[in-house]
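Listed below are the residues making up each chain.
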Protein chains: 6
Amino acid sequence: MPQITVTRRYRFCAAHRLHTDHLTSDQNRAAFGKCNNPNGHGHNYVVLVTVRSGGSRELFPLNQLDRVVEETIVRRFDHRDLNQDQEFTAATTTGENLVKLIWALLAPKIPAGSLVKVGVIETRDNYFEYAAPAASR
Amino acid sequence: MPQITVTRRYRFCAAHRLHTDHLTSDQNRAAFGKCNNPNGHGHNYVVLVTVRSGGSRELFPLNQLDRVVEETIVRRFDHRDLNQDQEFTAATTTGENLVKLIWALLAPKIPAGSLVKVGVIETRDNYFEYAAPAASR
Amino acid sequence: MPQITVTRRYRFCAAHRLHTDHLTSDQNRAAFGKCNNPNGHGHNYVVLVTVRSGGSRELFPLNQLDRVVEETIVRRFDHRDLNQDQEFTAATTTGENLVKLIWALLAPKIPAGSLVKVGVIETRDNYFEYAAPAASR
Amino acid sequence: MPQITVTRRYRFCAAHRLHTDHLTSDQNRAAFGKCNNPNGHGHNYVVLVTVRSGGSRELFPLNQLDRVVEETIVRRFDHRDLNQDQEFTAATTTGENLVKLIWALLAPKIPAGSLVKVGVIETRDNYFEYAAPAASR
Amino acid sequence: MPQITVTRRYRFCAAHRLHTDHLTSDQNRAAFGKCNNPNGHGHNYVVLVTVRSGGSRELFPLNQLDRVVEETIVRRFDHRDLNQDQEFTAATTTGENLVKLIWALLAPKIPAGSLVKVGVIETRDNYFEYAAPAASR
Amino acid sequence: MPQITVTRRYRFCAAHRLHTDHLTSDQNRAAFGKCNNPNGHGHNYVVLVTVRSGGSRELFPLNQLDRVVEETIVRRFDHRDLNQDQEFTAATTTGENLVKLIWALLAPKIPAGSLVKVGVIETRDNYFEYAAPAASR
């Protein structure tokens, strides 16, 4: 069966710092370089959410998707500090961990099988993606 | 086998209005919001067509692809009103229906198995995609 | 004196058709080509509004600018047909006339001397700009 | 005399927070909204530096401009917190103040009359510019 | 008097090499670095041409501008080598010299006073501009 | 199993010419049009490299990926002529052949199974991609 998908783009601005308590200061500096600077830095994050569509009868209406992402992701992350304001307790705030967290937050609020892919653009040259296993698509 | 693909970008400017005769005026307004405004609105549409490539010996030469898309899609949709000028008879002119129609129009003119994916960018934040089933790729 | 300016980007999607009642059908077709197609087409318009800033003490606060542009421009043009829904009575809906109209609508609502420039992006390759005379800047 | 200019694009990622000690917490919140959130947020800043060129005999060689901007701006701001790491002592870290500070830092290191304009893109919809007075151009 | 302008975007792909016969090989290498590599390199050049507009009665119709730029600039430079195919006899093929040459080629074919500005984007981070003197605008 | 990937963007500027010794001059001209012009042309190439990620414990650290791509791809192709400086001995320098070559050069230097996809943007409207077979992902 062919697959029709819809991708919607969302944005939030946030501060963060790459740092883990499992490492010493020197090790953190070695591992993360300037991304480990003490006072943090920040990004204009872009979030791309892809859901399966059923054509004219959408499986999950887009205005409902917008509401879910707005309430679950944008309000939580926009104009926040990812390290201090969020639940990245055991993990550094890398793009990989961020895209995993966004998937985990969205998945329970979207009908099973509809969520196909979540992407995060951190900078012009850096893109992270979490894709559902091919079997489940 | 690895897969090499080529994606070409095309554009057309068109008017449209989200509306279906199956619903009352109030229901249409509730379902589609401002996209249901009576006199319509419009977009700079971008169409991305992805075909399988055979490397130096292309399975379907790019200048031939350009001609097919130009004749089949761009001439038909560019500077038109999707509702009044096109064959969206039983369907609203959503991005999902548009990407399905573009696939249906292109598929018969491209060698079997070559067409991999059609994408439509409707606005900066809205992307629709129709992908061949993984089996047939 | 050096000049500090702030430019904010706004967007609306609209249909339009290049046509003037001063010309015959054939003359309209000759003058405007496919932009004269009877049922119209449309664009994702981008509007760039540039105002003079006074540094930390802004002459015209940005959230106030946003409200003015939202009420005066975006609500009026977004998801509309420029020909049928607007007051382009004596003029075709070219980018030049659109940028003039947007300036004329905004100027009375912005403190004298603050509005520096209005730009309209109609398509990827088409940009229109109305700039205050250098003397008044 | 016609004017030839060259514009180079630079980037830095930084955290910041809109806040001024001259206002109470409530007033800060009223003035800056979510941009006043306690732990700050951040952006991918783009800096555009425009200098006058003399054609083949450049007044200020581009590789020298790159070195000046790298040493004076990028190293200072990249992966930093604008509020905590910088000299915004009497001013909030608005785009207007940032572009003024960048101009003030660059001007003494560039031959008199060469620096024409400094621009800062804070987000996709927000652009700040500091231009030399027309007389001095 | 306020000024209305229209900017049109054109493109060409070309090879070039920064090199001048006035310098020795070592001096060329020192002055231009990798841009002096013997076999050259290339760019996707973008050309932005800005002309004054008279509103609905255009001083210089856009389709005429397109024809002039197509014949005078795009045909001459597209899929060419700027050093070997063009008249850069006494000058290196820098962006500054290119934008000067494009202005010199276009100016005689556009009504006096209409041409306001020519811009050349060489790479994502490099922009060159030739602007008519303010007096003549 | 879901898949997390990271995509990094790299760039190089290069000259090239579409031409094959297997064809006569006339056949080359017929096959490649203006891309066959004798002195060549050039592009700002963008290379997108996608690798599998293991979340916080990356399978292949990004700074190591950057070093590999910098040494293997950017240094080799940047400010070069693809036809004269490179090992495209039996093949034309099409985007398809370029993306295959980049994959072949990168694959031995990246842990088995990590490299998912290589993309090349040649022009605004032209994108080439080499993807690992789905089985091996």
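Residues numbered from 1 in each chain as written. Chains lettered and ligands numbered in written order. Predicted model: local features only at pLDDT ≥ 70, side-chain atom pairs only at ≥ 80, totals over all residues. Heavy atoms only, no water.

Undergrad: So what exactly am I meant to see when it comes to the overall build of chain A here?
TA: Counting its secondary structure elements, chain A contains four helices and five strands. Written out in order from the N terminus, the α and β elements of chain A read β-α-β-α-β-α-α-β-β. By the burial criterion, 55% of the 137 residues in chain A qualify as buried. Excluding contacts between residues fewer than 6 apart, the proportion of contacts in chain A whose partners are at least 24 apart in sequence is 67%. Surface exposure of chain A reaches about 6000 Å², of which carbon and sulfur atoms provide 50%. (Helix = DSSP H or I, 4+ residues; strand = E, 2+ residues; numbered from the N terminus. Buried < 20%, exposed > 50% of the residue type's maximum accessible area, 1.4 Å probe, protein only. Contact = heavy atoms within 4.5 Å. Areas by Shrake-Rupley, 256 points an atom, 1.4 Å probe, with all protein chains shown as cover.)

Undergrad: Just checking my understanding: could you explain the relation of the copies chain D and chain A for this structure?
TA: Between the two chain copies there is a screw-like relation: a rotation about an axis and a shift along it. Here chain D sits on chain A after a turn of 180° about the axis and a move of 0.0 Å along it, with an RMSD of 0.0 Å. In short, the pair behaves as if placed about a two-fold rotation axis. Here 100% of the interface residues in chain D have copies in chain A that are interface residues too; the copies meet face to matching face. (Least-squares fit on C-alpha atoms with pLDDT ≥ 70 in both.)

Undergrad: Help me out: how do you make sense of the relation of the copies chain B and chain A in this one?
TA: For the pair chain B and chain A, the relating rotation is 120°, the translation along its axis is 0.0 Å, and the fit reaches an RMSD of 0.0 Å. On the angle and the small slide along the axis, the relation comes out as a three-fold axis.

Undergrad: What exactly am I supposed to notice about the pattern of salt bridges here?
TA: According to the stated counting rule, one finds 24 salt bridges over all chains in the structure shown. Salt-bridge contacts for D125(C) lead to R124(F); the nearest nitrogen and oxygen are separated by 3.6 Å. Pair noted here: D125(C) is in the loop between β4 (115-123) and β5 (126-131) and R124(F) is in the loop between β4 (115-123) and β5 (126-131), and the two residues belong to different chains. For D125(C), a relative accessible area of 14% translates into the label buried. The exposure class assigned to R124(F) is partly exposed, which follows from its relative accessible area of 26%. Overlapping salt bridges, with partners in common, bring together R11(A), R124(B) and D125(D) in one network. (Salt bridge = Lys/Arg side-chain N within 4 Å of Asp/Glu carboxyl O.)

Undergrad: In this structure, what is going on with the packing of helix α2 (residues 62-77) of chain F against helix α4 (residues 95-106) of chain F? I would like to understand it.
TA: Residue and element names in this part refer to chain F. Across the interface, α2 lies against α4 with an axial gap of 10 Å and an inter-helix angle of 140°. For the element pair α2 / α4, the angle class is oblique. For the element pair α2 and α4, the recorded crossing hand is right-handed. Two secondary-structure elements touch here, α2 through V68, V69, T72, I73, R76 and F77 and α4 through L98, L101, I102, L105 and L106. Along the lines of polarity and charge, the residues of the contact of α2 with α4 split into nine nonpolar, one polar and one charged. (Axes fitted to C-alpha atoms, helices over the stretch in contact; angles between N-to-C directions. Parallel < 35°, antiparallel > 145°, perpendicular 65-115°, else oblique. Left-handed = near helix turned anticlockwise from the far one by under 90°. Nonpolar A, V, L, I, M, F, W, Y, C, P; charged D, E, K, R; others polar.)

Undergrad: Explanation requested: the side chain of N37(E) in the structure shown.
TA: Along the polypeptide, N37(E) turns up in the loop between α1 (25-32) and β2 (41-53). A distance of 2.6 Å separates the side chain of N37(E) from the side chain of R29(E), its partner in a polar contact. (Polar contact = N/O pair within 3.5 Å; in protein donor to acceptor, adjacent residues only side chain to side chain.)

Undergrad: How should I be thinking about the pairing of strand β2 (residues 41-53) of chain B in this particular structure?
TA: The side chains of a regular strand alternate, first on one face of the sheet and then on the other. All names here are of chain B. When you tally the buried positions in β2, you get 13 out of 13 residues, the bulk of the element. For strand β1 (residues 3-16) and β2, the ladder comprises 13 bridges, and the chain directions are antiparallel. Counterpart to F12 in the pairing with β2 is Y45. By the bridge criterion, six bridges tie β2 to strand β4 (residues 115-123) in an arrangement that is antiparallel. Note on β4: the bridge partner recorded for V46 is I121. (Pairing = 2+ DSSP bridges.)

Undergrad: What am I meant to see in the interface of chain D and chain A here?
TA: For interface size, the figure often reported is the accessible area lost on association. Contacts between the two partners involve 24 residues from chain D, matched on the other side by 24 residues from chain A. Of the roughly 2000 Å² buried between chain D and chain A on both sides combined, carbon and sulfur atoms contribute 41%. Among the residues chain D hides against chain A, the three largest losses belong to R11(D), N39(D) and H79(D). Together they make up 31% of the total. In this structure, R11(A) engages D125(D) in a salt bridge whose closest nitrogen and oxygen atoms are separated by 3.4 Å. At the junction of chain D and chain A, the tally comes to 14 residue pairs in polar contact (both at pLDDT 80 or more). Of all the secondary-structure elements, those providing two or more residues to the side of chain D that touches chain A are β1 (3-16), β2 (41-53), β3 (80-81), α3 (82-85) and β4 (115-123) of chain D. The class makeup of the residues in the side of chain D that touches chain A is four nonpolar, ten polar and ten charged. (Buried area = accessible area lost by both parts, 1.4 Å probe.)

Undergrad: Which parts of the structure should I look at to understand the interface of chain B and chain A?
TA: Taken together, the contact pairs 14 residues of chain B with 14 residues of chain A. Here chain B packs against chain A, burying approximately 1200 Å² in sum over the two surfaces, 48% of which is carbon and sulfur. Among the residues of chain B in contact with chain A, E96(B), D125(B) and E129(B) are the three that bury the most area, contributing 37% of the side total. In this assembly, chain B and chain A are joined by zero salt bridges. For the interface between chain B and chain A, the tally reads six residue pairs in polar contact (both at pLDDT 80 or more). Here the side of chain B that touches chain A gets six residues from one element, more than from any other, and that element is strand β5 (residues 126-131) of chain B. The residue makeup of the side of chain B that touches chain A, split by class, is seven nonpolar, two polar and five charged.

Undergrad: It is not clear to me how unusual backbone geometry should be interpreted in this structure. Could you clarify?
TA: With glycine set apart, most residues show a phi of negative sign, and most peptide bonds adopt trans. Even without being glycine, H79(C) reaches a positive phi, approximately 60°. By relative accessible area, which is 8% here, H79(C) ends up buried.

Undergrad: Explain the packing of aromatic side chains here, please?
TA: As enumerated under the stated definition, the model contains 18 aromatic pairs over all chains in all. Taken together, a centroid distance of 4.7 Å and an interplanar angle of 35° make the contact between W103(B) and Y130(B) tilted. Taken together, the residues span a long stretch of sequence, with W103(B) in helix α4 (residues 95-106) and Y130(B) in strand β5 at a distance of 27 residues. Through a chain of ring-to-ring contacts, the aromatic side chains of F12(A), Y45(A) and F77(A) assemble into a single cluster. (Phe/Tyr/Trp six-rings, centres within 6.5 Å; stacked < 30°, edge-to-face > 60°.)

Undergrad: Just to check I follow, could you spell out the environment of V118(C) for this structure?
TA: All names here are of chain C. Among the structural elements, V118 can be located in strand β4. Judged by its relative accessible area of 0%, V118 is buried. The spatial distance from the C-alpha of V118 to the C-alpha of L23 is 29 Å, given a sequence separation of 95 residues. For V118, the contacting residues outside a window of four places in its chain are V47, L48, V99, I102, W103, L106, F128, E129 and Y130.

Undergrad: Just to check I follow, could you spell out the pairing of strand β4 (residues 115-123) of chain A for this structure?
TA: Residues and elements named next belong to chain A. With seven of its nine residues buried, β4 lies for the most part within the structure. By the bridge criterion, six bridges tie β4 to strand β5 (residues 126-131) in an arrangement that is antiparallel. Within β5, the position partnered with K117 by the bridge is A131. Remark: two residues form the turn of the hairpin made by β4 and β5, two consecutive strands paired antiparallel.

Undergrad: Teacher, can you tell me more about helix α2 (residues 62-77) of chain C here?
TA: Each turn of an α-helix holds 3.6 residues, which means side chains three or four residues apart point in the same direction. Taking 1.5 Å per residue, 16 residues should reach 22 Å; α2(C) reaches 21 Å between its end C-alpha atoms and fits that length. Its axis deflected by about 40° at E70(C), α2(C) carries its strongest bend there. Listed as buried for α2(C) are L62(C), L65(C), V68(C), V69(C), T72(C), I73(C), V74(C) and F77(C). Summarising the contacts, the buried residues of α2(C) are in contact with β1 (3-16), β2 (41-53), β3 (80-81), α3 (82-85) and α4 (95-106) of chain C together with β5 (126-131) of chain D. A positive phi of about 60° marks H79(C), the residue just after α2(C). (Expected span 1.5 Å × (residues − 1). Bend = angle between axes of the 7 residues up to and from the residue.)

Undergrad: Please clarify how the state of the cysteines should be interpreted in this entry.
TA: Should the sulfur atoms of two cysteines be covalently bonded, the bond is a disulfide. Taken as a whole and assessed by the stated rule, the structure comprises zero disulfides over all chains. Not engaged in a disulfide, the cysteine C13(A) finds its nearest cysteine sulfur in C35(D); these two sulfurs lie 8.1 Å apart. A relative accessible area of 11% places C13(A) in the buried class. (Disulfide = S-S within 2.5 Å.)

Undergrad: Teacher, can you tell me more about the side chain of H16(C) here?
TA: Residue and element names in this part refer to chain C. Along the chain, the position of H16 falls in strand β1. Judged by its relative accessible area of 1%, H16 falls in the buried class. When neighbours within four sequence positions are excluded, H16 is seen to be in contact with G40, H41, G42, H43, Y45, L82, N83, T93 and E122.

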